[in-house]
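Spelled out from the first residue to the last, the chains are:
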Amino acid sequence: MLVDGFGRVATDLRVSLTDRCNLRCSYCMPPEGLPWLPKPELLTDDEVVRLVTLGVTRLGITEVRFTGGEPLLRRGLPDIVARTAALEPRPQISLTTNGIGLDRLAPVLAEAGLDRVNVSLDTLDPETFRRLAHRDRLPDVLAGLRAAAEAGLRPVKVNAVLMRGLNEHEAVPLLRYCLEHGYELRFIEQMPLDAQHAWRRSDMVTAEEVLDLLSEEFDLTPEESEARGSAPAERFLVDGGPARVGVIGSVTRPFCGACDRVRLTADGQIRNCLFATEETDLRAAMRAGATDEELAERWRAAVRGKKAGHGIDDPGFLRPARPMSAIGG
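Residues numbered from 1 in each chain as written. Predicted model: local features only at pLDDT ≥ 70, side-chain atom pairs only at ≥ 80, totals over all residues. Heavy atoms only, no water.

Novice: Could you clarify how one ought to interpret the overall build of the chain in this entry?
Specialist: Looking only at helices and strands, the chain features 11 helices and 12 strands. Scaling as 2.2 N^0.38, a compact globule of 329 residues should have a C-alpha radius of gyration of about 20 Å, and the chain matches this with 19 Å. A principal-axis box enclosing the C-alpha atoms of the chain has dimensions of 60 × 45 × 40 Å. Every one of the 329 residues in the chain was classed for burial, and the buried ones make up 56%. Counted over contacts in the chain with a minimum sequence separation of 6, partners at least 24 positions apart contribute 73%. Roughly 13900 Å² of accessible area belongs to the chain as shown, and the carbon and sulfur atoms make up 51% of that amount. Positive and negative charge centroids in the chain, built from 42 and 50 side chains respectively, lie 4 Å apart. (Helix = DSSP H or I, 4+ residues; strand = E, 2+ residues; numbered from the N terminus. Rg over C-alpha atoms; globule rule 2.2 N^0.38 Å. Buried < 20%, exposed > 50% of the residue type's maximum accessible area, 1.4 Å probe, protein only. Contact = heavy atoms within 4.5 Å. Areas by Shrake-Rupley, 256 points an atom, 1.4 Å probe, with all protein chains shown as cover. Lys, Arg positive; Asp, Glu negative; His and termini not counted. Charge placed at Lys NZ, Arg CZ, Asp CG, Glu CD.)

See the structure below:
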């Protein structure tokens, strides 16, 4: 198993399949994009499946989430999902995506074995979408959400980041939209993971502010804390339920003490925390002929060194050298 020095067990593997993306969301990257990883540095499909297999069959991974960049840009995604679904024991398989192309791929991915999706949607206003993502693709995202629901990739979860002066007034409309369509909305605090290093805490719409905005229109009842487990979202019943909304206060209400996640980047690096400043290279070892047990021990050692928390509030906090698009969500 993957146990750190504080007794936490990593069972949730986030696998980035690419650092590329077809949007340019301002909380992630600049409008002109970033230098992408050269193809030879990316894990091949077979290498991804080998490491996922190792995590599931030897190291206790029970949930695999494919991320990016934008994972739908990875041509081999359906095959990677199918090979992951064939593992014993079978992990839960999910996908975090911006939804562009999901209208076409949702049935294929469901057939391959994908269980559910998280789709990023920060606004329902086309002009705000263009300002935020520097692309005119809102209709594609909404079509992707519909296709995911129709393909049975439920619960369809929606991830929204509110930014002060841009879209915080859409908290209530976003929740109304998700309630009407049967999606489960999660608001996520903006984190210091943008490539531009433009994040400022004062500009962040906090979890408390989100709840205040929603409470003006809805009756929110906190779920029992036992129901949360290691999930990052605090969940609230909306108007008595059964519909729920979640708030992920990564910065102001950290959940590090219950964290069960570990990350594999698109170029084969293990990260024991989203905000880690160090990585463990599995790609080089694998290509040099390392056995599964040698790779597993490198992985175990990486997790053993995990810190107690992300330390955003510590005076000596250092942002990761890589932005979110290169780390994987």
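Novice: Help me understand the packing of aromatic side chains, please; the structure alone is not making it clear to me.
Specialist: Aromatic ring pairs are reported here in terms of the distance separating the ring centres and the angle at which the planes meet. A complete count under the given rule lists 1 aromatic pair for this structure. Consider the rings of Tyr177 and Tyr183, whose centres lie 6.2 Å apart with planes at 55 degrees: the pair is tilted. Residues Tyr177 and Tyr183 agree in their burial class; the two are buried. (Phe/Tyr/Trp six-rings, centres within 6.5 Å; stacked < 30°, edge-to-face > 60°.)

Novice: What exactly am I supposed to notice about the pattern of salt bridges here?
Specialist: Once the charged atoms of two side chains with opposite charge are near each other, the side chains can pair. Applying the stated criterion across every chain, the model contains 26 salt bridges. Where Arg287 meets Glu47, a salt bridge forms, and the shortest distance between an N and an O atom there is 2.9 Å. With Arg287 in helix 9 (residues 283–287) and Glu47 in helix 1 (residues 45–58), this residue pair connects regions lying 240 residues apart in the sequence. Judged by relative accessible area, which is 13%, Glu47 ranks as buried. Of the charged contacts, one joins Arg137 and Asp140 as a salt bridge, the two residues approaching to 2.7 Å between their closest N and O atoms. (Salt bridge = Lys/Arg side-chain N within 4 Å of Asp/Glu carboxyl O.)

Geometric descriptors of this kind do not, in isolation, establish any biological role.
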